[in-house]
Amino acid sequence: MNNQTAQLLEQHFDTAFSAPDGIKKLRELILTLAMQGKLVPQDPDDPPASQLLKEIEAEKKRLVQEGTIKKPKPLPAIKPEEVPYEIPKSWEWVRIGAVTNISTGKLNANAAVDDGMYPFFTCSNTPSEIDTYSYNTEAVLLAGNGDFNIKYYRGKFDAYQRTYIIEPIKSELKHTYYGIKNCLAEITKSHRGSAIPYLRLADITHPLIPLPPLPEQHRIVTKIDQLMARCDELEKLRDEYEQKRRNVHTAALNQLLEAQTDDSFTDAWHFITQHFTELYSIKENVDELRKAILQLAVMGKLVPQDPDDPPASQLLKEIEAEKRRLVKEGVIKKPKALPKIKAEEVPYEIPESWEWCRIWDIAKVITSGSRDWAKYYSESGAVFVTMGNLSRGNYQLRMNTIRYVNPPSDGEGARTRLKENDLLISITGDVGNLGLIPPEFGEAYINQHTCLLRFMPHCRNLYFPELMRTALVKRQFDAPQRGIKNSLRLSDVGEILIPLPPLPEQHRIVAKIDQLMGMCDVLEEQIEAATVKKTRLLSALVAAV
């Protein structure tokens, strides 16, 4: 390895620390350099690979004559256009089948004996080990279908029929493993099958690998092992560093959320702002910050309270009076009495001007769609919103796939017709996914797996959709789920406990959430830009090497 290559490789170790997939790319680069003859210097005293190749051919003939291995099928001559790059003069290009003996395992996976004696390899566990049967060799093991996992192994084992056992002849086992691993993409691109891809024997025997002199093989393996060990250390160091950053951030947010006084809240926020750049250079922390913003919002800690705001208790009285009027006019049914809020149900303190209430206290309608809508499906018409259109963690409808219906003309169709600001909640399967009906959405309906939550006019602002995606509500979505497939009753939705701020404060909270979520968007864009820059830098360094 010349000095320039060594210096560039050193640069890669520094760059790979922070670049996404950097260490993975570094490992690939090490193998590439090794297989190009650029990782260790050549020694003119080494017997050339052409001599080793003759010895391999002679050994193969001997093993065939003894009946140790089967006579291999002739391999095609290597054409100049097949050679992918130049190698040192003392090396030779060879087909994998020319320098190895390749066989398959003999056992069906169900025939494995669980006696704890030897590792048993299948296509699914080739990179790892599970105890069972018998074989005694040193080989490269390649899964012949599925993910095409690869491993080198010394010792006793047995293998499933679709696992290829590749035994080098008169060559360094680990060098053969590294050579095959380096060209694995070339090997597997010829796979057959779609649902479960698989390799034929010819797919493995025909690809080319470089063959160095045997002494150089040993030196290459030693150097690769040293550099891979350094990659392991680097990976461990990076993981520890990332975990420490996440732990510090989690602790800082917990202090913020659990602050009991204004001073402790200020101190916690001051710590975050002091270390803002370092804490928010990874997306995971930005995701956690978004959750914390929402939680602070529904704790009354995101914006200051205004003593001139009419208290939430007054808002509840106005809603109650409006509900009585609607019941009297026959617009809505008289709601059932809600269970009284017990002290032990209240998860945290809220400002004096706020009130704890249940969803039904501020809802006009809580219902779900009907069954048997399939007979109304059509190629066009009204939009039929399904659970697939709802989102996890936000309330933006996902309309990349749209279904249409021609709804019934009876009251059932009118009951489930959606209106602007209706909040939809999945109540079966993946419970708690959300969707908010935007302005001018047009005629639309839902099915029985979706809850339609329509708030009273007083509460048709974005505070409530934001509230419904907080950890506070998610815990309540998760708590009463029933059945194998999980489900919520409409009564479960109605009984969800929520904090209600004064109406003016609701609007201030929404404005602050918008501002801070915009800041999070900018942080994620900066992280993405930095990621792209690091990736390009690493790619440029790889190209230079």
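Overview of the structure. (Residues numbered from 1 in each chain as written. Predicted model: local features only at pLDDT ≥ 70, side-chain atom pairs only at ≥ 80, totals over all residues. Heavy atoms only, no water.)

### Here's the deal with the nonpolar core
For clarity, the threshold we go by: The term nonpolar core refers to a set of buried residues drawn from Ala, Val, Leu, Ile, Met, Phe, Trp, Tyr and Cys, joined through side-chain atoms within 4.5 Å. For every residue, the accessible area obtained with a 1.4 Å probe (protein chains only) is divided by the maximum for its type, and the residue is called buried under 20%, exposed over 50%, and partly exposed between those limits. In this description a helix means any DSSP run of H or I spanning at least four residues, a strand means any run of E spanning at least two, and both kinds are numbered starting from the N terminus. The contact rule is simple, with two residues in contact once any of their heavy atoms fall within 4.5 Å.
Counting residues in hydrophobic clusters, the biggest one holds 67 residues, and the most contacted among them are Tyr280, Ile362, Leu453, Phe464 and Met468. When residues in this core are grouped by element, the largest group, eight residues, is from helix H17 (residues 503–544). In contact with Ile362, not counting residues within four places along its chain, are Leu316, Ile319, Lys323, Cys357, Phe455, Met456, Cys459, Phe464, Ile498 and Leu500. The next biggest cluster of nonpolar side chains, apart from the first, holds 47 residues, and it includes Leu53, Ile87, Leu199 and Leu208.

### What to know about the pairing of strand E18 (residues 450–455)
Keep this limit in mind: Two strands qualify as a pair provided that DSSP identifies no fewer than 2 bridges between them.
With six of its six residues buried, E18 lies for the most part within the structure. With five bridges joining them, strand E11 (residues 363–368) and E18 adopt antiparallel strand pairing. When the sheet's bridge partners are listed, Val365 is paired in E18 with Arg454. As judged from the four bridges shared by strand E15 (residues 423–426) and E18, these two strands associate in the antiparallel manner.

### A word on the sheet that holds strand E13 (residues 382–385)
With respect to topology, four strands assemble into an open sheet ordered E12-E14-E13-E17, the strand pairing being mixed. The open sheet terminates on both sides in strands that have one partner only, identified here as strand E12 (377–378) and strand E17 (444–446). One ladder, built from three bridges, connects E13 with E17; its direction is parallel. Residue Val383 lies in a different strand from E17, and its bridge partner there is Ala444.

### Re the environment of Asp372
Here Asp372 shows up in the loop between E11 and E12. C-alpha of Asp372 to C-alpha of Gln448: the two residues are 76 residues apart in sequence and 9.0 Å apart in space.

### Side note on the sheet that holds E11
Spelled out, the test is: Only the contacting stretch of a helix is used when fitting its axis, a line to C-alpha atoms as for every element, and angles between N-to-C directions run 0 to 180 degrees.
With respect to topology, four strands assemble into an open sheet ordered E11-E18-E15-E16, the strand pairing being antiparallel. Edge positions in the open sheet fall to E11 and strand E16 (434–436), since each of these has one partner strand only. With strand direction ignored, the average angle separating the axes of adjacent strands in the sheet is 20°.

### Observations regarding the state of the cysteines
Our working rule: Here, a disulfide means two cysteine sulfur atoms that sit within 2.5 Å of each other.
Applying the stated criterion across every chain, the model contains zero disulfides. The cysteine Cys459 is free of any disulfide, with Cys357 supplying the nearest cysteine sulfur at 7.7 Å. Taking relative accessible area as the criterion, Cys459 reaches 0% and is therefore assigned buried.

### Things to note about the environment of Leu390
Along the polypeptide, Leu390 turns up in the loop between E13 and strand E14 (403–405). The buried category is assigned to Leu390, whose relative accessible area is 1%. In this structure, the C-alpha to C-alpha distance between Leu390 and Leu424, residues 34 residues apart in sequence, is 7.7 Å. Once you skip the residues sitting within four places of it in the chain, Leu390 turns out to touch Val385, Leu397, Arg398, Leu424, Ile425, Ser426, Asn433, Leu434, Gly435 and Thr450.

### Here's the deal with the pattern of salt bridges
Here is the rule we go by: Here a salt bridge means any side-chain nitrogen of Lys or Arg lying within 4 Å of a carboxyl oxygen belonging to Asp or Glu.
In this structure the tally under the stated criterion is 24 salt bridges. Taken together, the shared-partner salt bridges connect Arg27, Asp232 and Glu235 into one network.

### Description of the packing of aromatic side chains
Defined as follows: Two rings from Phe, Tyr or Trp (for Trp, the six-membered ring) form a pair when their centres sit within 6.5 Å of each other. Planes less than 30 degrees apart are called stacked, planes more than 60 degrees apart edge-to-face, and all others tilted.
Applying the stated criterion to the full structure yields eight aromatic pairs. Measuring from centroid to centroid gives 5.7 Å for Tyr377 and Phe384, while their planes differ by 55°, and the two rings are tilted. Their ring planes at 85° and their centres at 5.1 Å tell us that Tyr463 and Phe464 sit as a pair that is edge-to-face. The class of Phe464 is buried, set by a relative accessible area of 1%. Grouped by ring-pair contacts, the aromatic residues Tyr152, Tyr177 and Tyr178 constitute a single cluster.

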